[in-house]
Amino acid sequence: MPKVVFISLDGAQRVVDAHVGESVMAAAVRNGIPGIIGECGGNCSCATCHVYVDDDFAAVVGGANDMEDDLLDLGVADRRDASRLSCQIPVTEDLDGLTVHIPAEQ
Ligand code: FES
């Protein structure tokens, strides 16, 4: 079962067991990770699941799709190159150890 590491602003790390096929957002919400809300349930319409993907995983995670890219532009306070909506990142075995940083606000 792949593990996903969530790092909050204060540096606290929380490691969760994620199911292959679920989204990183779903794994976060299921495990009560603070700062990941997932208000729209993963429909790419709320941007409350914003994360910054750690540099070590940027290549394997890849970039945002068109719809996600638009929402990141409109709905995120501090968009960066590493910004992704975690509901649009499906968990795979290749993502074991995936580390994401939680933004200051959603
Ligand atoms: Fe709403 Fe990701 S959960 S955009």
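One can find the structure itself at the top, above this paragraph.
A few points on the structure. (Residues numbered from 1 in each chain as written. Predicted model: local features only at pLDDT ≥ 70, side-chain atom pairs only at ≥ 80, totals over all residues. Heavy atoms only, no water.)

Summing up its helical and strand segments, the chain has 3 helices and 5 strands in all. Going residue by residue from the N terminus, the α and β elements of the chain occur as β-β-α-β-α-α-β-β. Taken against the 2.2 N^0.38 rule, which gives 13 Å for 106 residues, the C-alpha radius of gyration of the chain at 12 Å falls within 12% of a compact globule. Dimensions along the principal axes, computed over C-alpha positions, put the chain at roughly 35 × 25 × 25 Å. Counting only residues that meet the buried cut, the chain has 43% of its 106 residues in that class. Nonlocal contacts in the chain, meaning residues at least 24 apart in sequence, comprise 60% of its contacts between residues at least 6 apart. Of the accessible surface of the chain, which amounts to about 5,500 Å², a share of 47% is contributed by carbon and sulfur atoms. Charge separation in the chain, taken as the distance between the mean sites of 6 positive and 18 negative side-chain charges, equals 5 Å. (Helix = DSSP H or I, 4+ residues; strand = E, 2+ residues; numbered from the N terminus. Rg over C-alpha atoms; globule rule 2.2 N^0.38 Å. Buried < 20%, exposed > 50% of the residue type's maximum accessible area, 1.4 Å probe, protein only. Contact = heavy atoms within 4.5 Å. Areas by Shrake-Rupley, 256 points an atom, 1.4 Å probe, with all protein chains shown as cover. Lys, Arg positive; Asp, Glu negative; His and termini not counted. Charge placed at Lys NZ, Arg CZ, Asp CG, Glu CD.)

This part covers the side chain of Glu 22. One can find Glu 22 in the loop between β2 (13–17) and α1 (24–30). A relative accessible area of 14% places Glu 22 in the buried class. Of the polar contacts made by the side chain of Glu 22, one reaches the backbone nitrogen of His 19; its length is 2.8 Å. Setting aside anything within four residues of it in sequence, one finds Glu 22 in contact with Asp 17, Ala 27, Arg 30, Ile 89, Pro 90 and Val 91. (Polar contact = N/O pair within 3.5 Å; in protein donor to acceptor, adjacent residues only side chain to side chain.)

Grouped together as the largest cluster of nonpolar side chains are 28 residues, with contacts concentrated most on Phe 6, Ile 36, Leu 85 and Leu 98. Going through the elements one at a time, β1 (3–7), α1, β3 (50–53), α3 (66–75) and β5 (98–101) are the ones with two or more residues in this core. Among the elements that make up this core, the one with the highest residue count is α1 (4 residues). Those residues in contact with Phe 6, other than ones at most four positions away along the chain, are Ala 12, Gln 13, Arg 14, Val 16, Val 24, Ala 28, Ile 33, Val 100 and Ile 102. (Core = buried A, V, L, I, M, F, W, Y, C linked by side-chain atoms within 4.5 Å.)

Another point: α3. For α3, the full list of buried residues reads Glu 68, Leu 71 and Leu 72. Each buried residue of α3 sits inside an arc of 105° when the element is viewed along its axis, so together they form one side. Those residues of α3 that are exposed and angled more than 90 degrees off the buried face are Asp 66, Asp 73 and Leu 74. Packing partners of the buried residues in α3 comprise β3 and β4 (83–85). Residue Asn 65 occupies the N-cap position of α3, its side-chain oxygen lying 3.2 Å from the main-chain nitrogen of Met 67. (Arc of directions from axis to C-beta.)

Bringing the pattern of salt bridges into the picture now. Charged atoms that come close allow side chains of opposite charge to pair. Taken as a whole and assessed by the stated rule, the structure comprises 6 salt bridges. Where Lys 3 meets Asp 17, a salt bridge forms, and the shortest distance between an N and an O atom there is 2.5 Å. Of this pair, Lys 3 sits in strand β1 while Asp 17 sits in strand β2, and the two are 14 residues apart along the sequence. Between Asp 73 and Arg 79 there is a salt bridge, and its shortest N-O distance comes to 2.8 Å. Assessed through its relative accessible area of 32%, Arg 79 is described here as partly exposed. (Salt bridge = Lys/Arg side-chain N within 4 Å of Asp/Glu carboxyl O.)

Structurally, Val 76 is set in the loop between α3 and β4. Look at Val 76 and you get buried, because its relative accessible area is 12%. Apart from the residues lying within four places of it in its own chain, the contact partners of Val 76 are Ala 47, His 50 and Leu 71.

A separate point is the packing of aromatic side chains. Within this structure, the stated rule accounts for 0 aromatic pairs. It is Arg 80 that lies over the ring of Tyr 52; its NZ or CZ is 4.1 Å from the centre. (Phe/Tyr/Trp six-rings, centres within 6.5 Å; stacked < 30°, edge-to-face > 60°. Lys NZ or Arg CZ within 6 Å of the ring centre and 35° of its normal.)

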